[in-house]
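Here's the letter readout for the chains.
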Amino acid sequence: MVPTVSKVPVATKRLLLGRPFRSDSLGHTLLPKRIALPVFASDAMSSVAYAPQEIFLVLSVAGLSALAYTPWVAIAVAIVMAVVVASYRQNVHAYPSGGGDYEVATVNLGPTAGLTVGSALLVDYVLTVAVSISSAAENIGSAIPFVSEHRVWFCVAAIIILAAVNLRGLKESGTVLAIPTYAFIVGVLGMLIWGFTEIFILGREVRSETAGFEIRAEHSHLMGIAFVFLIARAFSSGCAALTGVEAISNGVPAFRKPKSRNAATTLLLLGSIAIVLLLGIVFLAERIGAKYVMNPAEDLIGAPPGYQQKAMIAQLAHAVFDTFPAGFYFVATVTALILMLAANTAFNGFPVLGSVLAQDRYLPRQLHTRGDRLAFSNGILFLAVAAIAFVVAFGGEVTSLIQLYIVGVFVSFTLSQTGMVRHWTRLLRTETDPKARRRMMQSRVINTVGLVMTATVLVVVLITKFTAGAWIAILAMVILFVLMKAIHHHYATVQRELERTPSDDEAVLPSRTHSIVLVSTLHLATKRALLFARATRPDVLEAVTVNVDDRDTRRLVSEWEDSDLRVPLKVIASPYREITRPIIDYVRRVRRESPRDVITVFIPEYVVGHWWEQILHNQSALRLKTRLLFEPGVMVTSVPWQLTSSDRRKADLDYHAPGDTRRALGGGPE
């Protein structure tokens, strides 16, 4: 039989994914703003957890004095974020179809620019999952040594669980994410408010546990260009906080009506909260003397032996809630949760973008298909597999993975803003209403400022991170770009070939039909195949067997002669005991003798009910069908025979869920 993926029992599938949704119930899955915020903000919120930490980490290379620049770097990042958020609010109003940056670039800059954006975003979504889950493992591992020791396995399990949650549907995954996302926002805001209240209103001294340590600087006398380069690198690392902003423009179709307005409002809320948390964490960390270094055992002078460095937010929570341990554990827990669930933004953005690209024939069409729960299941699974590959390849190390990060998102930012500037310029050429022109000119100014800033950040990121690992992300984008071009070329070629006018030879009807029934033994499956072949009323009908064992062949010939079958049996010699090659050669010989005949090959196949039975049957049938498909003028017909073991599946046939037709249908020449 033809090997197929064993069908998951319906009961188990329903338990894991829930009952299927009808196509006309898609509106049920649309998100209100209160659910859309955690769905699309989890990535941006999680970036707040590690972006400040990355700024401190980079500046620590130059020693304690360089940490004084952390607030200024954070302010620069916040300004860029504000401009990007304002720019993307224009995007969601102008292009609400869900194509996001890809659609903006394609429409205004051409297919090549659009495909560049698409490849950049797909790679960035994969890295978002890998970085977020790895960061969560690092935070949890600092408290639970078992997780640290088995970091890769923890990451793989977390990605699988998150993919399973998303396979249940967008609205359901949003409900799951709402509580930890809002808990993180409340927890960190509460920590910041209480910390600044203690310092500026109550006049208490709040100090981090690392405040008394000195930093052993690798380069303590950086001057001129070298110091500017260090600040630029810290800025590029801090810009990781901007990841996730573009997800809303890709996910506008998931919002309830009015879609554009709700998406723009959610984007404004996301940007405002992210900016407040980012600046608050950096300013509080700088105020209480928090430090974060690459190697605490060597770089922290004064640290006790075996000192375990806490993540930046954990240091702040420990200092602020020094007399209230429950507050510290709450912040630590919700931070770990938001880091682990931040990948959900990618699980919502990647499948939608993949669906748009598949619709435009740049990716396999299967990515455009919705699953049982109306989610783009194939895109979710593809993202999970790709993210797991990155996690395994880099051992779940955040420091290594983050060097690959944010390159793709700023490529898409820059091309998207360029496209929006051209979009407004094109509309202004024909618009005559003064109010509308004023609004368009204002939007063009916003997108122009966004273009300048995102292009500047992209240059900085490429310069500061290229040799550190960003080249891997760029290489992945190039490979994906070329692959999507090849897929598009294939689909276009197939379409041209199928739509062309048939030639005279192709338009002529076949003169005769020649049916061949393949026989291994004379049993019920063979007799059914013969009956089916005879029912097609061919001009020529014959049975063919291959002699791979003289004794078995003689017995078959004897049984055939003693039967009441009036179909001639032809025996093909096979001195090397092959089956496929002699049949192919015989079919080709028949074609040469009668080139205008259509040859139909009937192959009996067994229908089995267990996955292990698939291995025991029909392997020769699979090989034969694969080879015969490439033979011109030859058709292949499978004639199924249901074995007893297949009866257990009959109850499943009452309901046909997506994919149920891909079941085990096979048996044939053994």
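Notes on the structure follow. Only a predicted model underlies this, so the values are computations on that prediction, with no experimental measurement involved.

## Considering the overall build of the protein chain
Phase 1 of the analysis: The helix and strand tally for the protein chain stands at 25 helices and seven strands.
Phase 2 of the analysis: The burial tally for the protein chain puts 52% of its 670 residues in the buried class.
Phase 3 of the analysis: Taking all contacts inside the protein chain whose residues are at least 6 apart in sequence as the whole, residues at least 24 apart take part in 83%.
Phase 4 of the analysis: Here the protein chain has roughly 31000 Å² of accessible surface; of this, 63% comes from carbon and sulfur atoms.

## Thoughts on the pairing of strand β6 (residues 598-607)
Phase 1 of the analysis: Burial runs high along β6: 10 of the 10 residues are buried.
Phase 2 of the analysis: Here β6 shows no split at all, with Val 598, Thr 600, Phe 602, Pro 604 and Tyr 606 on one side and Ile 599, Val 601, Ile 603, Glu 605 and Val 607 on the other all buried.
Phase 3 of the analysis: Bridging between β6 and strand β7 (residues 634-642) involves nine bridges; their strand directions are parallel. Counterpart to Thr 600 in the pairing with β7 is Met 635.

## Here we look at a nonpolar patch on the surface
Phase 1 of the analysis: There is a patch of nonpolar side chains on the surface, built from Trp 194, Phe 200, Ile 201 and Leu 202 and spanning about 450 Å² of accessible area.
Phase 2 of the analysis: Tracing the sequence through the fold places Trp 194 in helix α8 (residues 170-201).
Phase 3 of the analysis: A relative accessible area of 37% means that Trp 194 is categorised as partly exposed.

## Brief notes about the sheet that holds strand β5 (residues 569-573)
Phase 1 of the analysis: Strand order in this open sheet of five strands is β5-β4-β3-β6-β7, and the pairing throughout is parallel. Since the sheet does not close on itself, it has two edges, and those belong to β5 and β7, each with one partner. Between one strand axis and the next, the sheet turns through 30° on average, direction left out of account.
Phase 2 of the analysis: Pairing between strand β3 (residues 513-518) and strand β4 (residues 540-547): five bridges, direction parallel. Bridged to His 514 within β4 is Val 540.
Phase 3 of the analysis: Together, β3, β4, β6 and β7 form the strand contacts of helix α21 (residues 524-535), whose direction differs from that of β7 by roughly 135°.

## A word on helix α18 (residues 407-428)
Phase 1 of the analysis: Its 22 residues place the ends of α18 32 Å apart at the C-alpha level, agreeing with the 32 Å of an ideal helix rising 1.5 Å per residue.
Phase 2 of the analysis: Most of α18 sits inside the fold, with 16 of its 22 residues counted as buried.

## Some thoughts on the packing of aromatic side chains
Phase 1 of the analysis: Scanning all chains against the criterion turns up seven aromatic pairs.
Phase 2 of the analysis: Relative to Phe 200, the ring of Phe 196 has its centre 6.0 Å away and its plane inclined at 20°; by these criteria the two rings are stacked. Pair noted here: Phe 196 and Phe 200 are both in helix α8, with a separation of four residues, about one helical turn.
Phase 3 of the analysis: Clustering of aromatic rings is evident, with ring pairs tying together Tyr 88, Phe 410 and Phe 413.

## Section: the packing of helix α3 (residues 70-94) against helix α19 (residues 434-499)
If you want to describe how two helices pack, look at the angle between their axes and the distance between the axes.
Phase 1 of the analysis: For the pair α3 and α19, the least separation of the axes is 9 Å and the interaxial angle reads 130°. Taken together, the axis directions place α3 and α19 in an arrangement best described as oblique. Here α3 and α19 pass one another in a crossing that is left-handed. The residues of α19 that touch α3, namely those facing Ile 79, Val 80, Val 83, Val 84, Ala 86, Ser 87, Gln 90 and Asn 91, are Ser 443, Ile 446, Asn 447, Val 449, Gly 450, Met 453, Thr 454 and Val 457.
Phase 2 of the analysis: In terms of residue class, the contact of α3 with α19 is made up of nine nonpolar, seven polar and no charged.

## Some words on the environment of Thr 545
Phase 1 of the analysis: Structurally, the position occupied by Thr 545 is in strand β4.
Phase 2 of the analysis: Taking the C-alpha atoms as reference, Thr 545 lies 5.1 Å from Val 571; in sequence the two are 26 residues apart.
Phase 3 of the analysis: With sequence-adjacent residues up to four places away left out, Thr 545 is seen in contact with Val 519, Ser 520, Leu 556, Leu 569, Lys 570, Val 571 and Ile 572.
Phase 4 of the analysis: A distance of 2.9 Å separates the side chain of Thr 545 from the backbone oxygen of Val 519, its partner in a polar contact.

## A look at the pattern of salt bridges
Phase 1 of the analysis: Under the defined criterion, the tally for this structure stands at seven salt bridges.
Phase 2 of the analysis: Salt-bridge contacts for Arg 581 lead to Asp 585; the nearest nitrogen and oxygen are separated by 3.8 Å. Here Asp 585 and Arg 581 lie together in helix α23 (residues 580-593), a separation of four residues that amounts to about one turn.
Phase 3 of the analysis: A salt bridge links Glu 605 to Lys 625; the nearest nitrogen and oxygen atoms lie 2.7 Å apart. Of this pair, Glu 605 sits in strand β6 while Lys 625 sits in helix α25 (residues 619-628), and the two are 20 residues apart along the sequence. You'll find Glu 605 and Lys 625 in the same group, each marked buried.

Cut-offs applied
Residues numbered from 1 in each chain as written. Predicted model: local features only at pLDDT ≥ 70, side-chain atom pairs only at ≥ 80, totals over all residues. Heavy atoms only, no water. Helix = DSSP H or I, 4+ residues; strand = E, 2+ residues; numbered from the N terminus. Buried < 20%, exposed > 50% of the residue type's maximum accessible area, 1.4 Å probe, protein only. Contact = heavy atoms within 4.5 Å. Areas by Shrake-Rupley, 256 points an atom, 1.4 Å probe, with all protein chains shown as cover. Pairing = 2+ DSSP bridges. Patch = residues over 30% accessible without salt bridge, like charges linked within 9 Å, V, L, I, M, F, W, Y side chains within 5 Å. Salt bridge = Lys/Arg side-chain N within 4 Å of Asp/Glu carboxyl O. Axes fitted to C-alpha atoms, helices over the stretch in contact; angles between N-to-C directions. Expected span 1.5 Å × (residues − 1). Phe/Tyr/Trp six-rings, centres within 6.5 Å; stacked < 30°, edge-to-face > 60°. Parallel < 35°, antiparallel > 145°, perpendicular 65-115°, else oblique. Left-handed = near helix turned anticlockwise from the far one by under 90°. Nonpolar A, V, L, I, M, F, W, Y, C, P; charged D, E, K, R; others polar. Polar contact = N/O pair within 3.5 Å; in protein donor to acceptor, adjacent residues only side chain to side chain.

In short, geometric facts, not functional conclusions.
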